[in-house]
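Okay, here's what each chain looks like letter by letter:
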Amino acid sequence: MINIEGIVSVVLFYILILAVGMWAARKNSGGEGDQEEEVMLAGRNIGMFVGIFTMTATWVGGGYINGTAEVVYRDGLIWCQAPLGYALSLVLGGIFFAHRMRKEGYVTMLDPLQECLGGRMGGLLFIPALCGEVFWSAGILAALGATLSIIINMQLDTAVILSALIAVLYTWIGGLYSVAYTDVVQLGCIFLGLVICIPFAWVNESVIPITMDSQDWIGEIGEGRGWYYMDYMLLLTFGGIPWQVYFQRVLSSKSASGAELLSYIAAVGCVVMAVPPILIGAIAKSTNWNETDYPGTIPIPPEDVRMILPMVLQYLTPSYISFFGLGAVSAAVMSSADSSVLSASSMFARNVYRLIFRQGASETEIMWVMRISIFVVGAMATSMALTIPTIYGLWAMCSDLVYVILFPQLLIVVHFKDWVNTYGSLVAYLLGMFVRLAGGESLIGLPPLIKYPLFDEESGEQMFPFRTLAMCLSMISLLSISALTRYLFLVKKISLNYDYFSCFTPIPETEERIPIRPDGPDYSTSDRIPRQESVDKPIRKPDPPLRELRRQISFGSSGFGSIKKKGTTGGAEDHHHLPAVPPPVAEESNSFIEDGGNGDSVRRKDSLKNIKRDIKGGVKDIKGEVMDRVKHLPDGKRGSMASLTEKPPYTPIEKQTEF
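Please read all numbers here as calculations on a predicted model, not as lab measurements.

Conventions and cut-offs
Residues numbered from 1 in each chain as written. Predicted model: local features only at pLDDT ≥ 70, side-chain atom pairs only at ≥ 80, totals over all residues. Heavy atoms only, no water. Helix = DSSP H or I, 4+ residues; strand = E, 2+ residues; numbered from the N terminus. Buried < 20%, exposed > 50% of the residue type's maximum accessible area, 1.4 Å probe, protein only. Contact = heavy atoms within 4.5 Å. Phe/Tyr/Trp six-rings, centres within 6.5 Å; stacked < 30°, edge-to-face > 60°. Expected span 1.5 Å × (residues − 1). Core = buried A, V, L, I, M, F, W, Y, C linked by side-chain atoms within 4.5 Å. Patch = residues over 30% accessible without salt bridge, like charges linked within 9 Å, V, L, I, M, F, W, Y side chains within 5 Å. Areas by Shrake-Rupley, 256 points an atom, 1.4 Å probe, with all protein chains shown as cover. Salt bridge = Lys/Arg side-chain N within 4 Å of Asp/Glu carboxyl O. Axes fitted to C-alpha atoms, helices over the stretch in contact; angles between N-to-C directions. Parallel < 35°, antiparallel > 145°, perpendicular 65-115°, else oblique. Left-handed = near helix turned anticlockwise from the far one by under 90°. Nonpolar A, V, L, I, M, F, W, Y, C, P; charged D, E, K, R; others polar. pLDDT = per-residue confidence, 0-100. Disulfide = S-S within 2.5 Å.

Structural notes on the overall build of the protein
Okay, so step 1: Along the protein, the regular secondary structure elements total 20 helices and 4 strands.
Okay, so step 2: Counting over 659 residues, the protein shows a buried share of 51%.
Okay, so step 3: Partitioning the intrachain contacts of the protein with sequence separation of at least 6 by distance along the chain shows that 80% fall at a separation of at least 24.

Here we look at the packing of aromatic side chains
Okay, so step 1: Using the criterion set out here, one finds 23 aromatic pairs in the structure.
Okay, so step 2: Ring centres 5.0 Å apart and planes at 65 degrees place the aromatic pair Tyr-246 and Phe-247 in the edge-to-face group. Residues Tyr-246 and Phe-247 agree in their burial class; the two are buried.
Okay, so step 3: Centre to centre, the rings of Tyr-423 and Phe-504 are 6.5 Å apart; their planes meet at 5 degrees, and the pair counts as stacked.

Examining the side chain of Gln-81
Okay, so step 1: With respect to the helices, strands and loops of the structure, Gln-81 is situated in the loop between α4 (62–74) and α5 (82–104).
Okay, so step 2: Among the residues examined, Gln-81 registers a relative accessible area of 6% and is labelled buried.
Okay, so step 3: Apart from residues lying up to four places away in sequence, Gln-81 is in contact with Tyr-229, Tyr-232, Met-233 and Leu-236.

Quick notes on unusual backbone geometry
Okay, so step 1: Residues Ile-298 and Pro-299 are joined by a peptide bond in cis, for which omega reads 0 degrees.
Okay, so step 2: Along the chain, Pro-299 falls in the loop between α12 (256–285) and α13 (302–305).
Okay, so step 3: The backbone of Lys-493 shows a phi angle near 60 degrees, a positive value even though the residue is not glycine.
Okay, so step 4: Mapping Lys-493 onto the fold places it in the loop between α19 (466–491) and β3 (551–553).

What about helix α8 (residues 156–174)?
Okay, so step 1: Along its 19 residues, α8 runs 28 Å from first to last C-alpha, staying within 8% of the 27 Å computed at 1.5 Å per residue.
Okay, so step 2: Those residues of α8 that fall on the buried side of the exposure criterion are Ala-159, Val-160, Ser-163, Ala-164, Ile-166, Ala-167, Val-168, Tyr-170, Thr-171 and Gly-174.
Okay, so step 3: Following α8 by one or two positions, Gly-175 has its phi on the positive side, about 65 degrees.

Some thoughts on the nonpolar core
General note: in soluble globular proteins, nonpolar side chains tend to be found buried as a group.
Okay, so step 1: Ranked by size, the top nonpolar core spans 163 residues in total, and within it Leu-125, Leu-148, Phe-247 and Trp-289 carry the most contacts.
Okay, so step 2: The dominant element in this core, judged by the number of residues it contributes, is helix α15 (residues 319–357), at 16 residues.
Okay, so step 3: Ignoring anything within four residues of it in the chain, the contact list for Leu-148 reads Val-10, Tyr-14, Asn-153, Met-154, Ala-159, Leu-326 and Ser-330.

Considerations on the side chain of Gln-409
Okay, so step 1: Its location among the elements puts Gln-409 in helix α17 (residues 391–416).
Okay, so step 2: For Gln-409, the contacting residues outside a window of four places in its chain are Leu-113, Leu-117, Leu-125, Ser-425, Ala-428, Tyr-429 and Leu-478.

Looking at a nonpolar patch on the surface
Okay, so step 1: A contiguous nonpolar surface patch, about 790 Å² in accessible area, is contributed by Phe-191, Leu-192, Val-195, Ile-196, Phe-200, Val-268, Val-272, Tyr-320 and Phe-324.
Okay, so step 2: With 5 residues, helix α9 (residues 176–202) is the single largest residue contributor to the nonpolar patch.
Okay, so step 3: Residue position: Phe-191 is located in helix α9.

Side note on the pattern of salt bridges
Okay, so step 1: Scanning the entire structure with this criterion turns up 13 salt bridges.
Okay, so step 2: Glu-37 is the salt-bridge partner of Arg-44, the closest N and O atoms lying 3.3 Å from each other.
Okay, so step 3: Exposure remark for Arg-44: the relative accessible area of 7% places this residue in the buried category.
Okay, so step 4: Among the ionic contacts, a cluster of salt bridges with common partners joins Asp-231, Asp-400, Arg-436, Glu-441 and Arg-467.

Quick word on the environment of Met-311
Okay, so step 1: In this structure, Met-311 sits in helix α14 (residues 308–315).
Okay, so step 2: The class of Met-311 is buried, set by a relative accessible area of 2%.
Okay, so step 3: The sequence separation of Met-311 and Ala-284 amounts to 27 residues, and the corresponding C-alpha distance is 8.6 Å.
Okay, so step 4: Filtering out sequence-adjacent residues up to four positions away, Met-311 remains in contact with Trp-289, Tyr-294, Ile-300, Asp-304 and Leu-316.

A look at the environment of Ala-25
Okay, so step 1: Among the secondary structure elements, Ala-25 is positioned in helix α1 (residues 4–25).
Okay, so step 2: For Ala-25 and Leu-176, which are 151 residues apart along the polypeptide, the C-alpha to C-alpha distance reads 8.6 Å.
Okay, so step 3: In contact with Ala-25, not counting residues within four places along its chain, are Ile-173, Gly-174 and Ser-178.

A look at the environment of Ala-69
Okay, so step 1: With respect to the helices, strands and loops of the structure, Ala-69 is situated in helix α4.
Okay, so step 2: On the basis of relative accessible area, Ala-69 is assigned to the buried category, the value being 0%.
Okay, so step 3: A C-alpha to C-alpha distance of 9.7 Å links Ala-69 and Val-275, two positions 206 residues apart in sequence.
Okay, so step 4: Contacts of Ala-69, omitting those with residues within four sequence positions, involve Pro-277, Gly-281, Ile-308 and Leu-309.

Quick look at the packing of α15 against helix α16 (residues 363–387)
Helix packing geometry: the angle between the two helix axes and the distance between the axes.
Okay, so step 1: Axis separation between α15 and α16 bottoms out at 8 Å; the angle between their running directions is 135 degrees. The angle between the axes of α15 and α16 places the two elements in the oblique class. In terms of crossing hand, the pair formed by α15 and α16 is right-handed. Here α15 contributes Val-341, Leu-342, Ala-344, Ser-345, Ser-346, Phe-348, Ala-349, Tyr-353 and Arg-354 to the contact with α16, which in turn contributes Glu-363, Glu-365, Ile-366, Val-369, Met-370, Ser-373, Ile-374, Val-377 and Gly-378.

A closer look at the packing of helix α3 (residues 48–56) against α9
Okay, so step 1: Their axes nearest at 8 Å, the elements α3 and α9 cross at an angle of 75 degrees. In this view, α3 runs roughly perpendicular relative to α9, as classed from their interaxial angle. Residues Phe-49, Val-50, Phe-53, Thr-54 and Thr-56 of α3 lie in contact with α9, whose contacting residues are Ala-180, Tyr-181, Asp-183, Val-184 and Leu-187.
Okay, so step 2: Looking at side-chain class alone, the contact of α3 with α9 contains 7 nonpolar, 2 polar and 1 charged residues.

What to know about the confidence of the model for the protein
Okay, so step 1: For the protein, per-residue confidence averages 78 on the pLDDT scale, and residues scoring 70 or more make up 78% of the total.
Okay, so step 2: For residues 521–599, every residue scores under 50 in pLDDT, and the model assigns this stretch 146 contacts once sequence neighbours within four places are set aside.
Okay, so step 3: Low pLDDT (under 50) marks residues 635–650, which in the prediction has 23 contacts with non-local residues, meaning those over four places away or in another chain.

Quick notes on the state of the cysteines
Okay, so step 1: Tallied over the entire structure, the rule returns 0 disulfides.
Okay, so step 2: The thiol of Cys-503 is unpaired, and the distance to the nearest cysteine sulfur, on Cys-116, comes to 8.8 Å.

Next up, the structure:
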């Protein structure tokens, strides 16, 4: 029987989220010059209040609250590593990455990688990042469908498709503005919804009073599992950094210091938001399920343990209270799905389509590619949620690859980019992937190729910290192979014909360079040529033909003077210092203004209006050209005209005393 109250709860919540998302989309100015930053990074204009909520929502989502309650119920509080691990990842991200990357003005997490290692290597690094985002979205959509099927008896397909459509719709329209502002509502719903439900579940007659030693809800690590425990903690801590869902919040902050501060505050938020699901897991562990309306087998089978949080809401709270809890679960899922879809689409549009396939693509074209990608990624996640039973295992594998492959490369490139090149990056990529895959993954039925020390034959689990081993080997190979190739090409002078990735081959003068940032180097680095202090100018559309200013307005003795041709001296040689589009001057001005003041006053007034209009039009064109040139510059440089032009020399107009 369908739960009508639950249906009403879901519908009202979805209407609220959609309304907030559409309202936030209005903040997107849609200006032609800043479309990319407006949609992907909310114009780098996220303030402190919204920033705290959206940064906390980086990890506090459907998988976070459901997984926390599940682990506390199944293994005990001590195995609930995600809150502490993700909080530490936010702190370390703020210390080592947030300030530096925001200051450099990057748009996505892959920008520094492509700037240093090249566009195609960046595209290869995009694969684990994309898979992680898509599988994460699919996993939480599947969890939502299962939750709604338990609480309100809604068909799983209907719940998943409806949730995905709403998240994709407001993300498509508003970009990060909609994602950030809906995060405020969703995070509030998560906290309030669960807090309201906890007292009712706590005092339920089927729940045994909870103490420190009751029902063993604290748990223990167990003998021989210390290295396994450490491996997962390091995975969550360092593997939680190289995700675009985190860096899109970092890079959207108004300032570098603000991005760093938001990371620290969000770390506290992660711990605080873990308290309600931890309590729900402890309540579930202390519940005598035989005394509830739960129709399943006792003890709860492993495949149903992942739904322990919605089961507590359904069977231990009144129906009018579970109404709020259901909204909390739905909020958590949509909070994760929208940001993951936007992250994957942004990286594809900018770092794959633009920098690899269509380097000359316009802003409008990139925006349409990103919007189409939002639908494609959303459709992929939805189809996987409906068809793949081991979606969580696929996400776990991809998160391991993010830790093993992306973290060491991002760390070294951001802080020691002169030490690495594409050869080291490719070897590190392949070696890290092999060592990780060789360890197997029981969640997707992948048998271990290598049985590392401490391998448990009975459970088939690797107790050795092979994930961290793979990450360390990846980092060591990145540095060592890069150093080796630099030695061979620069010291031993191996023929540059073998420099297949053009890491040491000089770039021809005629070859177009595509910079990641306007003030940064192109991504085809050349170590054989000494580094220059100057940087490449951003690639932009060609300048229009320069119109020389050969006339100047002066005031004659008879009232309004004439337009006289400018002399050839006094600055005529410095036209290259002028802005690309000088003020337009009417070509036929002589037909409007008569010398000597012999024309009638009406014609003189009309002529003056024409001159003023032409001057205003010229100033407007200059402003437009200047804005077009400075739109890519990082914060702190946009107000500097000296970064584009030098003040041209001019000849002062002689003072006129007669009118």
